[in-house]
Amino acid sequence: MHLTGVGRRYGPRRPWVLRGISLELPRGALVRVEGGNGGGKSTLLRLVAGIDAPTEGRVGGRPLRTAYVPERFPAALPLGAAAYLTHLGRVHGLRGAEAARRAGHWLERFGAAGHARTPMAELSKGTSQKVAVAQALLAEPGLLVLDEAWTGLDASARTELDLAVAERTAAGATVVFVDHDPRRLAGAPDAQYRVEGTSLVPVPVPAPMSGAAGAAGAAGATLVRIRAAGPPGSPLPPGLAGVPDPDGGAVLTVDAARSDEVLRALLTARPPWHVRAVEELP
Ligand SMILES: Nc1ncnc2c1ncn2[C@@H]1O[C@H](COP(=O)(O)OP(=O)(O)OP(=O)(O)O)[C@@H](O)[C@H]1O
């Protein structure tokens, strides 16, 4: 999809928040947007997601299935978490049984299955954020827009979201995200932009990993253990190092900062590897 000459201001006499933004968002790309407080990051993400319309310019080629996790999730609903997710799945065009299955699947993945029947209004902030993320992933969107979506999640849910992002891009979806933590998905984005004034400035992304990068590195860094299974007899994708898993496949221990990059390399290998488990090591 693309933005052409996009501008947004919140009223004819108000200052422009963004202006003259032209941006290509290719299929399968992971794109990070950064910038100072109140600079216009959320405004840009809402325009990309189609939640808001530009004051001038055009947004074209947006995938039909678009999902958005807003910075603040309106959670005060009378429905239980699973019923809410099932309802949203149906809104996305899924049949009831499939919507309910996916609702259960995503609550499980984010460690919130125990709250399936809890009314949304009674959920803790963290669990409510898990539902916010689940509603976006449920429909397997072609465009996923994440505005500080990791905020409020516990460590294993954050890792699960990292993995879900890698799965989406591997499936050809475009993922655009903002996060206050500069280490979030470090090394994984294909493109990075900074809101400066009313403009969007490209930020150079670090070179992709090479050699045995991705193996455990600096002392003191948080480590993540990834268990993955590949096609029988096939070696790990180039640049990755691991040890054989007693259950078949391989175990890779990597710096947390590189885990997204490694997951992406596994999931996008041809043929792809299946990720069995991801766990942050104490
Ligand atoms: N709905 C709105 N109505 C009026 N002004 C708005 C609206 N949404 C955002 N703004 C203004 O637009 C500017 C950019 O806000 P935006 O939320 O997009 O920035 P941000 O970079 O996401 O900020 P933060 O880092 O604080 O989340 C701010 O001056 C904000 O007050």
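Basis of the calculations
Every chain is numbered on its own, with residues counted from 1 as its sequence reads. Per-residue local features of the predicted model are confined to residues with pLDDT of at least 70, and side-chain atom pairs are confined, for both listing and counting, to 80 or more; whole-chain, interface and lining totals are unaffected and use all residues. Note that the side-chain values use all heavy atoms of the structure and ignore hydrogens as well as water. For two strands to pair, DSSP has to find at least two bridges joining them. Going along the chain from the N terminus, every DSSP run of H or I of four or more residues is numbered as a helix, and every run of E of two or more is numbered as a strand. Every residue pair with non-hydrogen atoms within 4.5 Å of one another is taken to be in contact. The axes used here are C-alpha line fits, helices contributing only the stretch in contact, and every angle between their N-to-C directions lies in the interval 0 to 180 degrees. Three labels apply to residues, based on accessible area from a 1.4 Å probe with only protein chains included: buried if under 20% of the type maximum, exposed if over 50%, partly exposed otherwise in between. Nearness is defined per residue: one heavy atom within 4 Å of the molecule or strand is enough. Side-chain atoms alone can form a polar contact between residues adjacent in sequence; in general such a contact is a pair of N or O atoms within 3.5 Å, and within protein one must be able to donate a hydrogen while the other accepts it. Note on definitions: salt bridges are taken to be side-chain nitrogens of Lys or Arg within 4 Å of carboxyl oxygens of Asp or Glu.

As recorded by an unreviewed UniProt entry, the protein chain carries the name ATP-binding cassette domain-containing protein and is attributed to Streptomyces caledonius.

Describing the sheet that holds strand β10 (residues 223-229)
As summarised here, the arrangement of the four strands in space is β11-β12-β10-β13, forming an open sheet in which the pairing is antiparallel. In this open sheet, the two edge strands, each paired with only one partner strand, are β11 (243-244) and β13 (274-280). As defined by bridge partners, β10 adjoins strand β12 (residues 250-255) across six bridges and the pair is classed as antiparallel. Bridge pairing in β12 links V224 to V254. Of the strands in this sheet, β10, β12 and β13 are in contact with helix α6 (residues 256-267), which crosses β12 at around 145 degrees.

Re the pairing of strand β7 (residues 174-178)
Of all five residues in β7, five are buried; the element is thus mostly enclosed. The alternating pattern of β7 places T174, V176 and V178 and V175 and F177 on opposite faces, both of which are buried. With three bridges connecting them, strand β3 (residues 30-35) and β7 associate as parallel partners. The partner of V31 across the bridge, within β7, is V176. The sheet contact formed by strand β6 (residues 143-147) and β7 spans five bridges and is parallel. Bridge pairing in β7 places L144 opposite V175.

Looking at the sheet that holds β7
As summarised here, the arrangement of the six strands in space is β5-β6-β7-β3-β8-β9, forming an open sheet in which the pairing is mixed. Because the sheet does not close on itself, it has two edges, and the strands there are β5 (66-69) and β9 (199-203). Strand-to-strand twist across the sheet, computed as the mean angle between neighbouring axes with direction ignored, equals 20 degrees. Each of β3, β5, β6, β7, β8 (191-196) and β9 touches helix α1 (residues 41-49); the most contacted strand, β6, lies at about 160 degrees to it. Packing against the sheet, helix α5 (residues 155-170) makes contact with β3, β6 and β7, and its axis sits at approximately 145 degrees to β7.

Side note on the site of the ligand
The immediate surroundings of the ligand are formed by Y10, V17, G36, N37, G38, G39, G40, K41, S42, T43, R46 and E71. Contact distances for the ligand include 2.7 Å between an oxygen atom and a side-chain N or O atom of K41. A distance of 3.3 Å is found between an oxygen atom of the ligand and a side-chain nitrogen or oxygen belonging to E71.

A look at unusual backbone geometry
The amide bond that connects R270 to the next residue, P271, takes the cis arrangement and shows omega of -5 degrees. Note that P271 resides in the loop between α6 and β13. Of note, the phi angle at E140 is positive, near 50 degrees, even though the residue is not glycine. Here E140 lies in the loop between α4 (125-137) and β6. In this structure, E148 is a non-glycine residue whose phi angle is positive, near 55 degrees. Along the chain, E148 falls in the loop between β6 and α5.

With respect to the pattern of salt bridges
On inspection of all chains with the given rule, the structure shows 15 salt bridges. One salt bridge connects E34 with R32, and the closest N-O pair in it is separated by 3.7 Å. With respect to class, E34 is no different from R32; both count as buried. Here R101 and E98 are joined by a salt bridge, their closest N and O atoms 2.9 Å apart. With a gap of three residues between them, R101 and E98 both fall in helix α3 (residues 96-109), about one helical turn apart. Using a relative accessible area of 26% as the deciding quantity, one classes E98 as partly exposed. One network of salt bridges, in which partners are shared, links R32, E34, R194 and E196.

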